Amino acid sequence: MQRNVIWALKAMSVMAFGLGLHVLTGNAAAQQDSVAALVEKHRAEAIRKREHIHQNPELGNREFKTAELVAEHLTALGIEIQTGVAHTGVVGVLKGGRPGPVVAIRADMDALPVTEETVLPFKSTVRTTYLGKEVGVMHACGHDVHTAVQLGVASVLADMKADLPGTVKFIFQPAEEGPPPGEEGGADLMVREKVLEDPAPEAIFGLHALPSLEVGTVGFTIGPAMAAVDHFYIKVRGKQAHGARPEEGIDPIVMASEIVLALQTIRSRTLSPLEPSVVTVGIFRGGERFNIIPREVHLEGTVRTYNPDVRDRVEIRMKTILEGITGAYGGSFELNYDRGTPSVINNPELSREMAGYLAGAPGVDQVLELPPTMGGEDFAYFSNVIPGFFYRLGVTRPGQPSGGLHTPTMTADSESVTVGMRAMTHLVLEFLNARALQPNQ
Ligand SMILES: [Zn+2]
Ligand SMILES: [Zn+2]
């Protein structure tokens, strides 16, 4: 995930996009009043839990205590739960007192190997071992906020259970950032463990903290929202020689340098300029000494795309470039191209409807339409199966800057939890109400 440049479209523009605000009937207005009162009743507890989760972060597939806290919270509300889903996931099902559809909401629970450098009083000082190194652990992607918002929404909806026209499935997901090497996990595994069945939701919603938006603002994207994330590993092999006698060797540093530059031409020369894509080499590693031509260079990087055909073409072209350049020098290569999370495509029809509801959500000050980003989200595994709507939650305050996501200074203001509760509860209720009113659904 990365910071966005915002298209400055304010709430009024949302209307201009044809999303429309909804005229409240007497009942709906009464419901909104009671939701506002219930959010007020439960927000302090949700914020306390967010601070606790923030101070006690756990890495992907290791969210043992967080999952325990979630399970206890849901159980205390009388919500039926299933634990140990995709390792540490928790799924709760709240059946309303009135007939209606099933809708799911998802929050991720994992933290990152980042050493926190914020001034928050509940800052994390947790350390652990990750990939053989001692590291700090921090909720640098705001998943503490997501989890707390969803706990708060569960509290509010559980209080409204008798009037709830349908069923809400609360999915608390582990390992959104990817499981540790050699393990499975995340949304992909949850789907394989049938989290979207029995009861099967008709739609799923998720939100994500965004430090470039202020508290009170939410952002949405219709259609393609986040890119597919691939990870490639390349070994460029040559022949070791004395640095003064290149004619006796095959230089993998020269080959790899040409490869890095040629990979950039995939984007600029092979693909349409109108097709979003990124090819980034993030690791270039080789050599032991200034006067030795090494045997091997290791390159590693990421490819981000939206269009599956573009994704295929990048991989094929990458192989052709490697064959061409190493062939020309008499070297060889090994390519390991790992296809990761697919792109998040917000269902256009559902997103237009939900963005309209967001614009009318009490306590949400501003709704912005945001451009897609080349960041990734494994929410895609859910929204590839059922229609999904993934949106952004503002988390900063003027004068209290935050570092970007995944940085040691990423800082989410506690009040973002309240706004998240308001937005998500409103979406769930509007979704259920709209469908409960239609007898044929
Ligand atoms: Zn992240
Ligand atoms: Zn995240």
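Residues numbered from 1 in each chain as written. Chains lettered and ligands numbered in written order. Predicted model: local features only at pLDDT ≥ 70, side-chain atom pairs only at ≥ 80, totals over all residues.

Colleague: Where do I start with the overall build of the protein chain in this structure?
Modeller: For the protein chain, the helix and strand inventory stands at 10 helices and 18 strands. Taken against the 2.2 N^0.38 rule, which gives 22 Å for 441 residues, the C-alpha radius of gyration of the protein chain at 24 Å falls within 12% of a compact globule. With the principal axes as the frame, the protein chain shows a C-alpha extent of 85 × 45 × 45 Å. By residue count, 49% of the 441 residues in the protein chain fall in the buried class. Within the protein chain, residue pairs in contact and separated by at least 24 positions form 80% of the contacts whose partners lie at least 6 positions apart. (Helix = DSSP H or I, 4+ residues; strand = E, 2+ residues; numbered from the N terminus. Rg over C-alpha atoms; globule rule 2.2 N^0.38 Å. Buried ≥ 20, exposed ≤ 12 C-beta atoms within 10 Å, placed from the backbone. Contact = placed C-beta atoms within 7 Å.)

Colleague: Got a minute to help me understand the packing of helix α8 (residues 348-359) against helix α10 (residues 415-436) in this structure?
Modeller: The geometry of a pair of packed helices is captured by two quantities: the angle between their axes and the separation between those axes. Across the interface, α8 lies against α10 with an axial gap of 9 Å and an inter-helix angle of 125°. It follows from the interaxial angle that α8 and α10 lie oblique. With respect to the hand of their crossing, α8 and α10 are arranged in right-handed fashion. Contact residues: α8 offers Met-354, Tyr-357 and Leu-358, while α10 offers Ala-423, His-426, Leu-427 and Glu-430. (Axes fitted to C-alpha atoms, helices over the stretch in contact; angles between N-to-C directions. Parallel < 35°, antiparallel > 145°, perpendicular 65-115°, else oblique. Left-handed = near helix turned anticlockwise from the far one by under 90°.)

Colleague: Would you explain the sheet that holds strand β7 (residues 203-214) in this entry?
Modeller: Strand pairing within a sheet occurs via backbone hydrogen bonds; the two strands may be parallel or antiparallel. Judged by pairing direction, the sheet is mixed, and its eight strands sit side by side in the order β1-β2-β6-β3-β7-β18-β8-β17 without closing on themselves. Each edge of the open sheet carries a strand with a single partner, namely β1 (80-85) and β17 (366-369). Along the sheet, successive strands turn relative to each other by an average axial angle of 25°, direction set aside. Strand direction decides the pairing type here: strand β3 (residues 98-108) and β7, joined by four bridges, are parallel. In the strand pairing of β7, Arg-106 is matched with Gly-206. α10 contacts β3, β6 (165-173), β7, β8 (217-220) and β18 (388-396) of the sheet and is inclined by roughly 150° relative to β3. (Pairing = 2+ DSSP bridges.)

Colleague: Quick question: what am I supposed to make of the sheet that holds strand β14 (residues 296-305) here?
Modeller: Here we have four strands laid out as an open sheet, ordered β12-β14-β10-β15, and antiparallel in their pairing. The sheet is open, and its two borders are formed by β12 (277-286) and β15 (332-339), each paired with just one other strand. Along the sheet, successive strands turn relative to each other by an average axial angle of 15°, direction set aside. As paired elements, β12 and β14 share nine bridges and run antiparallel to each other. When the sheet's bridge partners are listed, Arg-285 is paired in β14 with His-298. In the packing of helix α6 (residues 252-270) onto the sheet, contacts are made with β10 (228-237), β12 and β14, and the angle to β12 comes to roughly 170°. Along the sheet, helix α7 (residues 308-329) contacts β10, β12, β14 and β15; its crossing angle with β15, the most-contacted strand, is approximately 170°.

Colleague: Where do I start with the environment of Tyr-337 in this structure?
Modeller: With respect to the helices, strands and loops of the structure, Tyr-337 is situated in strand β15. Residue Tyr-337 is classed as partly exposed on the basis of its 15 C-beta neighbours within 10 Å. For the pair Tyr-337 and Leu-131, spaced 206 residues apart in the sequence, the C-alpha separation amounts to 21 Å. Those residues in contact with Tyr-337 that lie beyond four places of it in its chain are Asp-230, Phe-232, Glu-315 and Met-318.

Colleague: Hey, could you run me through α6 in this one?
Modeller: Every α-helix carries 3.6 residues per turn, so stepping three or four residues along brings you back to the same face. Maximal helix bending in α6 amounts to about 30°, located at Gln-264. Those residues of α6 that are buried lie in contact with β10, β12, β14 and α7. (Bend = angle between axes of the 7 residues up to and from the residue.)

Colleague: Looking at this model, I keep getting lost on the environment of Leu-358. Mind explaining?
Modeller: By the secondary structure assignment, Leu-358 is in helix α8. In this structure, the C-alpha to C-alpha distance between Leu-358 and Leu-368, residues 10 residues apart in sequence, is 9.8 Å. Filtering out sequence-adjacent residues up to four positions away, Leu-358 remains in contact with Val-218, Phe-220, Val-364, Val-367, Tyr-391, Ala-423 and Leu-427.

Colleague: What is the right way to read unusual backbone geometry from this model?
Modeller: Most peptide bonds adopt trans geometry, and most residues besides glycine take a negative phi value. Going from Asp-198 to Pro-199, the amide bond is cis rather than trans, its omega being 0°. Tracing the backbone shows Pro-199 in the loop between α5 (186-192) and β7. Unlike most non-glycine residues, Asp-198 shows phi in positive territory, near 45°.

Colleague: In this structure, what is going on with the domain arrangement of the protein chain? I would like to understand it.
Modeller: One frequent convention defines the size of an interface as the accessible area lost when the parts assemble. Domain parsing of the protein chain yields domain 1 (6-227 + 343-437) and domain 2 (228-339). A C-alpha centroid distance of 38 Å is found between domain 1 and domain 2. Listed as interface residues are five residues of domain 1 and, on the opposing side, seven residues of domain 2. Along the lines of polarity and charge, the residues of the side of domain 1 that touches domain 2 split into three nonpolar, two polar and no charged. (Domains from an automatic or database assignment. Nonpolar A, V, L, I, M, F, W, Y, C, P; charged D, E, K, R; others polar.)

Colleague: Honestly, the packing of helix α3 (residues 64-76) against helix α4 (residues 143-159) in this entry has me stumped. Any pointers?
Modeller: α4 packs onto α3 with a crossing angle of 10° between their chain directions and a minimal axis gap of 10 Å. Here α4 runs roughly parallel to α3, going by the angle between their axes. Between α3 and α4 the crossing geometry is right-handed. Between α3 and α4, the residues in contact are Thr-66, Val-70, His-73 and Leu-74 and Thr-147, Leu-151 and Ala-154, respectively. Considering only residue class, the contact of α3 with α4 consists of four nonpolar, three polar and no charged.

Colleague: Just to check I follow, could you spell out the nonpolar core for this structure?
Modeller: Soluble globular proteins: nonpolar side chains tend toward being buried together. Ranked by internal contacts, the top residues of the largest apolar core, which has 88 residues, are Val-149, Leu-358, Met-424 and Val-428. No other element matches the 10 residues that α10 contributes to this core. Looking at which domains feed residues into this core, each of domain 1 (6-227 + 343-437) and domain 2 (228-339) supplies at least three. Setting aside anything within four residues of it in sequence, one finds Val-428 in contact with Val-103, Ile-105, Val-153, Leu-157 and Val-168. Membership of the second largest hydrophobic core comes to 20 residues, among which are Val-297, Leu-299, Val-303 and Val-310. (Core = buried A, V, L, I, M, F, W, Y, C linked by C-beta atoms within 7 Å.)

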